Number of protein chains: 2
Amino acid sequence: MTRLLVRDLAQVATPPAAHPPLRGRALRASTVIENAYVLCRDGVIEAVGPMRELDARSVGDVAELDGRGTSAVPGFVDCHTHPAWGGDRVEEFSLRAGGASYEELHAAGGGILSTVTATRALGEDGLRARVDRHAAWMLTHGTTTWEGKSGYGLDRETELASLRAIRTAGGSPTWLGAHAVPPEHPDADAYLEFLLAEVLTDAAQLADAADVFLERGAFDVAQARRYLEACRANGLALRLHGDQFTESGAVPLAVELGARSVDHLEATGEAGTRTLAASDVVGVLLPASALFLDRPMPPARALVDAGAAVALATDFNPGSAFTESLPFVCSLACTQLHLSPEEALSAVTVNAAHVLGLAHDRGRIAPGLRADLVLVAAEDWRHLAYHLAGDVVAHVVQAGSVRR
Amino acid sequence: MTRLLVRDLAQVATPPAAHPPLRGRALRASTVIENAYVLCRDGVIEAVGPMRELDARSVGDVAELDGRGTSAVPGFVDCHTHPAWGGDRVEEFSLRAGGASYEELHAAGGGILSTVTATRALGEDGLRARVDRHAAWMLTHGTTTWEGKSGYGLDRETELASLRAIRTAGGSPTWLGAHAVPPEHPDADAYLEFLLAEVLTDAAQLADAADVFLERGAFDVAQARRYLEACRANGLALRLHGDQFTESGAVPLAVELGARSVDHLEATGEAGTRTLAASDVVGVLLPASALFLDRPMPPARALVDAGAAVALATDFNPGSAFTESLPFVCSLACTQLHLSPEEALSAVTVNAAHVLGLAHDRGRIAPGLRADLVLVAAEDWRHLAYHLAGDVVAHVVQAGSVRR
C-alpha cells in the first residue's frame, strides 16, 4: 500500500459529478475547498477536505507533497490529439504567416500528406520515440489522460504502428484511418474499401474509438457513415471531425450514430447548435486550432447557452495546432470563447473524460477516482487560465505518483 | 577571464545589424548558420561561426554548453512590461470572460486602480519581491533584457520604490507616473501638477525613460505633451502608450517629440501608419494584450509594408496581458499579425533593443555584443514561434553565464 498526502493546498477545485456529461449551469458549478488536502492510496483518491478535518492518524506512514502556494485541480484530460507523426510543418507555418491559406497549402502538396510521407519514413521505433516525446510534453503541462489518433500513416503498417505507439505511451488510441486519401489510392471510396477490408479488423483490436475527417476535400457524409458503421460493428466508439471549415452534416450524423463526440464546430450554425444541444453527443472545441490557422472561433457560448455538453482539447498536431498545453486552451476559452474559468475547467476534465468513456474514473477530485491532480502554481486555481502561456503547472500527480 | 563555448548548435539565427532600427525587407533578412558554435569571453560574444571553422586551440580552458538538438537566437529583449504590482486581477479576468468590457470593468472600480491599491499596500520589500519574481519568470522564457514601467503606485513613494525595484531586478526602469489619475487628485491636470512638482526630479534620477497613457479616460494630447516635455528636459527618453482603444493623436505627438516608441497601435489608421513609417519612432506591437482583451489586433502587416520600424513586446501586466512569454508573442505575431518568423525575431531582439537605446550591445549574435543567447529546444529556430505555448526554451545564456 502506497499513500500520498498532498497537504496545505490553498484551494482544491473540482467540477461536480455528472452522468451524462455536464451542460448548462452545471458546467460552472465547481466546488472550491480552501486550505485543503488530498489523500491518495494505491493510486486512488481516498479523501479530500479542509486541512482542519485531516485525521491526524493518517499522517504517519505517508509520503507528503507540500501544496503551499498552490491549488489543486483534476489532472487534465486531452480528448483530441494527433501525436503520431514524423517531420514537422514549420516551413508551412512560415509560408502561412506570409498569407497562404490552409487549403491552398494542402492543394500545393503541403498539408496532411507531407506529414504522411515523413511518418511512414519513421519506422515503428521512430514512431514510438516521437509519441513518447509528445506524451512527455503533455504530462509537463498537466495532462494525465489523453486520447491519441492515428491518421498520418494511411497504410496498414503505419496505422497499426501508430495505434500501438499511442497505447504504449499511455494514451487511448483512436483509429483515424479516414483522415485523408493517400496518393496510392484513386479516390476516397477506393481508399475506404481498402481500410475496411485490410485494416479495420486489426485496428479494432488496438483502438478504443474510430474517427473520420468529414470535410470538403476529405470524406463526405455517405463515406463517413459507411466507415463509422463498420467501425461500430467492430466494437469501436465513434468520433467525428466536423464543421471545421464548412458545415458538412457532421452534427446530425454524430447524433444519428450515437457518437461520443463531434469535434471542431467552427462553422456550426444555429440548427446544428440546437441539434447538438438536444443530444448526448459532446461538442469538442479546439480553439488553439482556430488561433493557429487564424480562423473563426467555434460558437462556444451559443453551444453552452443552448444546453450542449462541451469539452475542450488541444488538437495537438503539426499542421494546424502545434500545442500540447491545456492550460493555454483554457486561456483561449476564457478570452476567445467567452467561457468562464469554471466552464473551461469542466471542459478539460470531467466532460473530456466522458468523451473517452472514462468519467467513472477520471476528471474530478473525489474519493474513489484515480488520483490525478495538477497543482497550479498560484493560490487561486483560476490562474490556470489567467496566466497566459505562463508556467502554471507546479506539480503533476498521476495515479497517486508525483510525475512532475 | 571566463569563457563559454556553446557548441554543436543545429543553427544560429540572428537579425542583421541596423542603425536606425530595421524596417521593410531588412526586418526579415536574418542570417542562419547551420551546425554552428558561439564562443563567449567575459560576458561578450567573441566569435560565432560554423563548427568546422572552430579553432581547436580555443577548446582547452573553456566551459562548454552542448547545443545538440537546439538552435541559438539572441536573448530576447522585452521593451514593454509593467512588472511592479501587487494583488492580481483574476476576478476581473473571470468577469470579463462572462462578457464585461475592459472599460466597463475600469468604470466599475476594477481596472488599474484596483491594482494601485494592492501595490501601495505591498511596501518596498514586498514590491521588490514581486518584481524579482516577475523578472525570474521572464528569464525562464528567454528574456535577457527588459524594460519595466512604474505606474501602479501613482504616489511619490510607491512610484520611486517601483523604479528602484525594477533597477535592482536588472530591468531598465521607465517612469509611467502618467498611467492613470489616482482618486486623491481632483483631475488629471492637478495630478500632473503633483507629478512634475513632487516626483519628476527624483524619478528622473532612477529611470531611463518616461511613458504616458494617452487615451480617452486617461491623459489627452496636451497633458501628454506637458508631461513628456518636462521629462525630456530632465534627461529621460520618451515612450507613449497610444491608439490602444481610440486613435488619439499619439503617433504625431511621438514623432513631434522624437520619442523612442509609440506602443499599442491597435486603433491606428492609414494616416497614422504613414506618419509612423516616415519617422524613426518604433511602433511597439502588443498582440498578447489584444488577445487577452479580445480586441482587434494592431495593423502590423500594414505598418511593416508601409516601412515602419516595429518591435514586439509582452505588455506583461495583471489586467490586460498576464504573460511574460516572448516566444508566445512570436507565435501570435505569425498567426495573428501575419509577420514571418524572421520579422518576429527581429522585432523581439534588435528592434526592441533600439527602443531601449541598447542596440549597440544587445539584440544580435555578433562579436562584441553582450553574450545573451536563447537555445531553442528544436533544430529549426522557427519552432520558437511554431510551437505554440510549448516549452521552447532549452537554455538561456545571459552575459556569458548559463542562467537556465
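So, a few notes on the structure that sits alongside this text. Since we're looking at a predicted model, the values are computed, not measured.

## Some points on the overall build of chain A
(1) Moving on: Scanning chain A for helices and strands turns up 15 helices and 16 strands.
(2) Moving on: The C-alpha radius of gyration computed for chain A amounts to 21 Å, which stays within 12% of the reference 22 Å derived for 404 residues, consistent with globular compactness.
(3) Moving on: Along the longest, intermediate and shortest principal axes, the C-alpha atoms of chain A span 70 × 45 × 45 Å.
(4) Moving on: Among the 404 residues that make up chain A, the fraction classed as buried is 64%.
(5) Moving on: Restricting to contacts in chain A with at least 6 residues of sequence separation, those with at least 24 account for 72%.
(6) Moving on: Working note: accessible area of chain A is about 13200 Å², and carbon and sulfur atoms make up 49% of it.
(7) Moving on: Put simply, chain A has 34 plus and 51 minus side-chain charges, and the middle of one group is 5 Å from the middle of the other.

## Focus: the pairing of strand β10 (residues 237-242) of chain A
All names here are of chain A.
(1) Moving on: For β10, the tally of buried residues reaches 6 of 6 residues, placing the bulk of the element in the interior.
(2) Moving on: Along β10, one buried face is formed by A237, R239 and H241 and the opposite face, lined by L238, L240 and G242, is buried too.
(3) Moving on: In terms of strand pairing, strand β9 (residues 209-212) meets β10 through 2 bridges, oriented parallel. Across the sheet, the residue bridging to A209 is A237, located in β10.
(4) Moving on: Note on the crossover from β9 through helix α7 (residues 221-233) to β10: the handedness is right-handed.
(5) Moving on: The handedness of the β10 to strand β11 (residues 261-264) crossover, carried by helix α8 (residues 250-257), is right-handed.

## Observations regarding helix α7 (residues 221-233) of chain B
All names here are of chain B.
(1) Moving on: An ideal rise of 1.5 Å per residue puts 18 Å on 13 residues; α7 measures up with 18 Å between its terminal C-alpha atoms.
(2) Moving on: Within the span of α7, buried status applies to Q223, A224, Y227, L228, A230 and C231. The arc that holds every buried residue of α7, seen down its axis, measures 160°, which confines them to one face. Across α7 from its buried face, at more than 90 degrees, point the exposed residues A222 and A233.

## What to know about the pattern of salt bridges
Residues and elements named next belong to chain B.
(1) Moving on: Scanning all chains against the criterion turns up 58 salt bridges over all chains.
(2) Moving on: For R3, the salt bridge identified is with E46, shortest N-O distance 3.5 Å. Taken together, the positions of R3 in strand β1 (residues 3-14) and E46 in strand β3 (residues 44-50) put the pair 43 residues apart, joining distant regions of the chain.
(3) Moving on: R3 sits in the buried class, given a relative accessible area of 15%.

## Quick look at the side chain of Q223(A)
(1) Moving on: Relative to the helices and strands, Q223(A) is located in helix α7.
(2) Moving on: Setting aside residues no more than four positions away along its own chain, Q223(A) makes contact with A188(A), D189(A), L192(A) and A218(A).

## Section: helix α5 (residues 156-168) of chain A
Because each turn of an α-helix spans 3.6 residues, side chains separated by three or four positions end up pointing in the same direction.
(1) Moving on: Spanning 13 residues, α5(A) covers 18 Å between terminal C-alpha atoms, matching the ideal 18 Å at 1.5 Å per step.
(2) Moving on: Within the sequence span of α5(A), burial applies to T158(A), E159(A), L160(A), A161(A), S162(A), L163(A), A165(A) and I166(A).

## Details of the packing of aromatic side chains
(1) Moving on: Summed over all chains, the structure comprises 25 aromatic pairs over all chains.
(2) Moving on: Here a set of aromatic residues connected by ring pairs shows up, and it is made of W85(A), F93(A), W137(A), F292(A), F316(A), F322(A) and Y386(B).

## Focus on the environment of L195(B)
Residues and elements named next belong to chain B.
(1) Moving on: By the element assignment, L195 lies in helix α6 (residues 188-206).
(2) Moving on: Taking the relative accessible area as the measure of exposure, L195 reaches 0% and is therefore buried.
(3) Moving on: With 32 residues separating them in the primary sequence, L195 and Y227 have C-alpha atoms 8.6 Å apart.

## Thoughts on the sheet that holds strand β13 (residues 310-312) of chain A
Residues and elements named next belong to chain A.
(1) Moving on: A sheet is described by the order of its strands in space; here 8 strands give the open sequence β6-β7-β8-β9-β10-β11-β12-β13, paired in parallel fashion. Of all the strands in the sheet, just β6 (76-78) and β13 have a single pairing partner and so form its edges. Here the strands of the sheet are splayed against their neighbours by 25° on average, with no regard to which way each runs.
(2) Moving on: Sitting on the sheet, α7 is in contact with β8 (172-178), β9 and β10, with an inclination near 175° to β9.

## Some points on the interface of chain A and chain B
(1) Moving on: If you look at the interface, chain A gives 38 residues, while chain B gives 38 residues.
(2) Moving on: With both chains or domains summed, chain A and chain B bury close to 3500 Å², and 60% of this area falls on carbon and sulfur atoms.
(3) Moving on: On inspection of chain A and its partner chain B, the count reaches 2 salt bridges.
(4) Moving on: Between R382(A) and E91(B) there is a salt bridge, with the nearest N and O atoms lying 3.1 Å from each other.
(5) Moving on: Taken together, the links from chain A to chain B amount to 20 residue pairs in polar contact (both at pLDDT 80 or more).
(6) Moving on: Listed by contribution, the elements that provide at least two residues to the side of chain A that touches chain B are α1 (90-97), α4 (123-140), α10 (287-293), α12 (326-335) and α15 (383-386) of chain A.
(7) Moving on: Ranked by residues supplied to the side of chain A that touches chain B, first place goes to α1(A) with 5 residues.
(8) Moving on: Classifying every residue of the side of chain A that touches chain B gives 18 nonpolar, 12 polar and 8 charged.

## A few points about the sheet that holds strand β10 (residues 237-242) of chain B
Residue and element names in this part refer to chain B.
(1) Moving on: Read from one edge to the other, the open sheet built from 8 strands follows the order β6-β7-β8-β9-β10-β11-β12-β13, with strand pairing classed as parallel. Each of the sheet's edge strands pairs with one partner strand only, and the pair in question is β6 (76-78) and β13 (310-312). The sheet shows a mean angle of 25° between the axes of neighbouring strands, taken without regard to direction.
(2) Moving on: The sheet contact formed by strand β7 (residues 143-149) and strand β8 (residues 172-178) spans 3 bridges and is parallel. Residue pairing in the sheet places E147 in a bridge with S172 of β8.
(3) Moving on: Relative to the sheet, α7 contacts β8, β9 (209-212) and β10, its axis offset from that of β9 by approximately 175°.

About the criteria used
- Residues numbered from 1 in each chain as written.
- Chains lettered and ligands numbered in written order.
- Predicted model: local features only at pLDDT ≥ 70, side-chain atom pairs only at ≥ 80, totals over all residues.
- Heavy atoms only, no water.
- Helix = DSSP H or I, 4+ residues; strand = E, 2+ residues; numbered from the N terminus.
- Rg over C-alpha atoms; globule rule 2.2 N^0.38 Å.
- Buried < 20%, exposed > 50% of the residue type's maximum accessible area, 1.4 Å probe, protein only.
- Contact = heavy atoms within 4.5 Å.
- Areas by Shrake-Rupley, 256 points an atom, 1.4 Å probe, with all protein chains shown as cover.
- Lys, Arg positive; Asp, Glu negative; His and termini not counted.
- Charge placed at Lys NZ, Arg CZ, Asp CG, Glu CD.
- Pairing = 2+ DSSP bridges.
- Right-handed = clockwise from strand over helix to strand, strands pointing away.
- Expected span 1.5 Å × (residues − 1).
- Arc of directions from axis to C-beta.
- Salt bridge = Lys/Arg side-chain N within 4 Å of Asp/Glu carboxyl O.
- Phe/Tyr/Trp six-rings, centres within 6.5 Å; stacked < 30°, edge-to-face > 60°.
- Axes fitted to C-alpha atoms, helices over the stretch in contact; angles between N-to-C directions.
- Buried area = accessible area lost by both parts, 1.4 Å probe.
- Polar contact = N/O pair within 3.5 Å; in protein donor to acceptor, adjacent residues only side chain to side chain.
- Nonpolar A, V, L, I, M, F, W, Y, C, P; charged D, E, K, R; others polar.

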